[in-house]
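Each chain is listed here by its residues.
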Amino acid sequence: MLEQLLIFTRGGLILWTCKEIGNALKGSPIDTLIRSCLLEERSGAVSFNYDAPGAAYTLKWTFHNDLGLVFVAVYQRILHLLYVDDLLSMVKQSFSEIYDPKRMAYDDFDETFRQLRIEAEARAEELRKTKQVGKPVTSVKKQGQVSKPGLEGGNKRVSEGGSKKDDGDGNKAKVSTLTNGHSNGNHQMEDDSQETDLANGKENTSSNVAVDLSKLQKLRSKGVRGRGGVRKTDSIGNKSSKVAAAEPAKKATKKNRVWDDAAPKQSKLDFTDSVDENGNNDHVDIVAADQGESMMDKEEVFSSDSESEDDDEPGSDEKPAEAKKKGWFSSVFQSITGKANLERTDLGPALKALKERLMTKNVAEEIAEKLCESVEASLEGKKLSSFTRISSTVQAAMEDALVRILTPRRSIDILRDVHAAKEQRKPYVVVFVGVNGVGKSTNLAKVAYWLQQHKVSVMMAACDTFRSGAVEQLRTHARRLQIPIFEKGYEKDPAVVAKEAIQEATRNGSDVVLVDTAGRMQDNEPLMRALSKLINLNQPDLVLFVGEALVGNDAVDQLSKFNQKLSDLSTSGNPRLIDGILLTKFDTIDDKVGAALSMVYISGSPVMFVGCGQSYTDLKKLNVKAIVKTLLK
């Protein structure tokens, strides 16, 4: 049974609800659909499932993009109603005929909806009956097909017959067996090559064919391809084997290294600062002071430079301008006399090109496909204005979608949250999590340096008790930045170490505790369980996922499995998931910035920091406009 049908505008104004149904929905499925699906550019999905205490709903929707209307149907998931899609399309067509932007009430639509619902239910019932009647007929046909083995399914029988007939005159036997009308090009090529071998006086046995095929596979693996069949590849194979045999003679010219001269130069490899017995370093203050201002406070200068990069290059836009000019003149008449409303066939080529462009920018394939489906759903049925090309319309819609995804929907001002926690007389706790080798400890030190510049007292907690050298690495950063560090060595429970560090920070009056954790793969069950215990026991204020900007499709797997494991292994009813993302190695990717989009889309968490170098100042905020411009360039 249909629970609810709702019609509202994209601005959120409810125009009509079905009073006849009148069922009170449990929870807020419509609000969740808007917040988790429509605003997240997931409107290309077929349906949306909503679970509430005592109810499980399925929601389906459709858009009238030209009028800016949304039609949503809600029903119990267990029912599997077949007429919902048909009913939504009929309601969309009927309501669009009477829609007036100045009108707010549509009470007269109740009778129309009642008739449409009866018609949709009748169609679904008739379709169900025809399927039930058609099942025995199809089964009889299948039985008839089995009872006549000579007509269909002959590939297996012919191959068996061919093996029996092939007794030395193999090629003719094979040609005679492939008379079922389904011979393909592979068999024809094989027969042609065998006929040429027979003409040259060669025996054409199955063993020779097997040997030739093995040679052909070896030659193809080396990059050698022939057009004339097996004989040509044999001659090429002999030449390549001779060249391969001659290559090792050229490589035997390596000189031995002289080790005696390198001994006195070993002292120059030690670039560490001298430390006395108490661990004090005289050069630490100078090193920390020379770092300068963090790039987190230089966002405006960097964004203006990055956005004007392409404009400063002379001649770079001349060819695209000419292409645009030609495309405009060629499509001007099509834009005037073409179709009034956009259809899927019109949007297909532009969306395909846009998907390939996103994938070249390192966006995960799954994410690029979903984004294109969402843009297609938002543009289908929309009127194309005069002198406007479909490609530019699609690109503008994709740009709006990308800005909407990458723009944070909540405050990411950590300094404000730190001061709020300070007023409550408790430290602000940040936990850094991620896979191995992405730079958690290094970027933790960058965040600590940035907080120091804003007069915030910081304490580091060395909770990576798994990797050898992790405590020493964090201790080096703490010594250089003159920051206290809480450590308990190795082979300790990281959750207990973090708890004791927070207690120590509370006693000492530290404002922020930065917790370093061990790198772990998303499939490592013991380490993921230890991470879940650390987060559940200490309830940090911020859980930062540290990920590389170099990853593509793997970003989806990492973030989704991290969130899934944290949710499954949590002992509380409201599990803590990833709150924000820190992208590292952003200076090594050139224009392959798609990892930022993939991570934000799959997790719904904003990118709070971007690491772009190896010094303490190389930390900045994400420039959304520059990222979107790079993705669509």
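Quick caveat: nothing in here was measured; it's all calculated off a predicted structure.

Draft legend 1. Structural view of the overall build of the protein chain. Helix and strand content of the protein chain: 24 helices and 13 strands. Relative to its 633 residues, the protein chain shows a buried fraction of 40%. Considering only intrachain contacts with a sequence separation of at least 6, the fraction spanning at least 24 residues in the protein chain is 71%. Entry remark: accessible area of the protein chain is about 36,500 Å², with carbon and sulfur atoms responsible for 51%.

Draft legend 2. Structural view of the sheet that holds strand β3 (residues 48–52). Spatial ordering of the open sheet is given by β2-β1-β5-β4-β3, a layout of 5 strands whose pairing is antiparallel. Each of the sheet's edge strands pairs with one partner strand only, and the pair in question is β2 (14–17) and β3. This sheet shows a mean twist of 25 degrees between the axes of neighbouring strands, independent of strand direction. Note: strand β4 (residues 55–64) against strand β5 (residues 69–76), 8 bridges, orientation antiparallel. Opposite Leu 59, over in β5, you have Val 74 as the bridge partner.

Draft legend 3. Representation of the pattern of salt bridges in the model. In the structure shown here, the tally under the stated rule is 25 salt bridges. The salt bridge partner of Lys 488 is Glu 500, with a shortest N-O separation of 3.8 Å. On the criterion of sequence distance, the pair formed by Lys 488 in the loop between β8 (485–486) and α20 (494–508) and Glu 500 in helix α20 is long-range, its members being 12 residues apart. Glu 500 sits in the partly exposed class, given a relative accessible area of 29%.

Draft legend 4. Representation of the environment of Leu 354 in the model. Checked against the element boundaries, Leu 354 lands in helix α14 (residues 344–360). Residue Leu 354 is classed as buried on the basis of its relative accessible area, which comes to 3%. When the C-alpha positions of Leu 354 and Gln 395 are compared, they lie 7.7 Å apart, and in sequence the two are 41 residues distant. Beyond its immediate stretch of four places on either side in the chain, Leu 354 contacts Val 394, Met 398 and Leu 632.

Draft legend 5. Structural detail: the confidence of the model for the protein chain. Per-chain confidence: the protein chain averages 75 in pLDDT, with 67% of residues scoring 70 or above. Mean pLDDT values over the elements of the protein chain span from 41, in helix α5 (residues 170–177), up to 96, in strand β9 (residues 512–516). Long-range and interchain partners of residues 224–246, a stretch whose pLDDT sits below 50, account for 16 contacts in this model, where long-range means more than four residues apart. For residues 299–326, every residue scores under 50 in pLDDT, and the model assigns this stretch 15 contacts once sequence neighbours within four places are set aside.

Draft legend 6. Looking closely at the pairing of β3. Only one face of β3 is covered, namely the face carrying Phe 48, Tyr 50 and Ala 52; the face carrying Asn 49 and Asp 51 is uncovered. Where β3 and β4 come together, 5 bridges link them in antiparallel fashion. From the neighbouring strand, Tyr 50 faces β4, where its bridge partner is Tyr 57.

Draft legend 7. Region of the structure containing the nonpolar core. Residues Met 398, Phe 432, Leu 451, Met 460, Leu 514 and Phe 609 are the most contacted members of the largest nonpolar core, which totals 106 residues. Those residues in contact with Leu 514 that lie beyond four places of it in its chain are Val 430, Phe 432, Leu 444, Val 447, Ala 448, Leu 451, Val 458, Met 459, Met 460 and Ala 461.

Draft legend 8. Quick look at helix α21 (residues 525–538). Counted at 1.5 Å a residue, the expected span for α21 with its 14 residues is 20 Å, and the 20 Å between its end C-alpha atoms agrees. Residues Leu 527, Met 528, Leu 531, Ser 532, Leu 534, Ile 535, Asn 536 and Asn 538 constitute the buried set of α21.

Draft legend 9. Just a nonpolar patch on the surface, in detail. On the surface, a nonpolar cluster with roughly 330 Å² of combined accessible area is contributed by Met 1, Ile 78 and Leu 79. With respect to the helices and strands, the residue Ile 78 is situated in the loop between β5 and α2 (84–98).

Draft legend 10. Spatial organisation of unusual backbone geometry. Phi angles above zero are rare outside glycine, and His 80 is one such case at about 55 degrees. Here His 80 falls in the exposed class, since its relative accessible area comes to 60%.

Draft legend 11. Up close: the packing of aromatic side chains. According to the stated counting rule, one finds 10 aromatic pairs in the structure shown. Both rings, one in Tyr 99 and one in Tyr 106, keep their centres 6.5 Å apart while their planes meet at 20 degrees; by these two values the pair is stacked. In terms of burial, Tyr 99 and Tyr 106 fall into one category: buried. Judged by centre distance (5.7 Å) and plane angle (70 degrees), the ring pair of Trp 450 and Phe 609 falls under edge-to-face. One end of the pair, Trp 450, is in helix α18 (residues 440–453); the other, Phe 609, is in strand β12 (residues 607–611), and 159 residues separate them in sequence. Relative accessible area serves as the criterion here: at 5%, Trp 450 is assigned to the buried category. Pairwise contacts between aromatic rings join Trp 16, Phe 71, Phe 95, Tyr 99, Tyr 106, Phe 109 and Phe 113 into one cluster. Looking at Arg 10, its charged tip hangs above the ring of Phe 63, at a distance of 4.7 Å from the centre.

Calculation criteria
Residues numbered from 1 in each chain as written. Predicted model: local features only at pLDDT ≥ 70, side-chain atom pairs only at ≥ 80, totals over all residues. Heavy atoms only, no water. Helix = DSSP H or I, 4+ residues; strand = E, 2+ residues; numbered from the N terminus. Buried < 20%, exposed > 50% of the residue type's maximum accessible area, 1.4 Å probe, protein only. Contact = heavy atoms within 4.5 Å. Areas by Shrake-Rupley, 256 points an atom, 1.4 Å probe, with all protein chains shown as cover. Pairing = 2+ DSSP bridges. Axes fitted to C-alpha atoms, helices over the stretch in contact; angles between N-to-C directions. Salt bridge = Lys/Arg side-chain N within 4 Å of Asp/Glu carboxyl O. pLDDT = per-residue confidence, 0-100. Core = buried A, V, L, I, M, F, W, Y, C linked by side-chain atoms within 4.5 Å. Expected span 1.5 Å × (residues − 1). Patch = residues over 30% accessible without salt bridge, like charges linked within 9 Å, V, L, I, M, F, W, Y side chains within 5 Å. Phe/Tyr/Trp six-rings, centres within 6.5 Å; stacked < 30°, edge-to-face > 60°. Lys NZ or Arg CZ within 6 Å of the ring centre and 35° of its normal.

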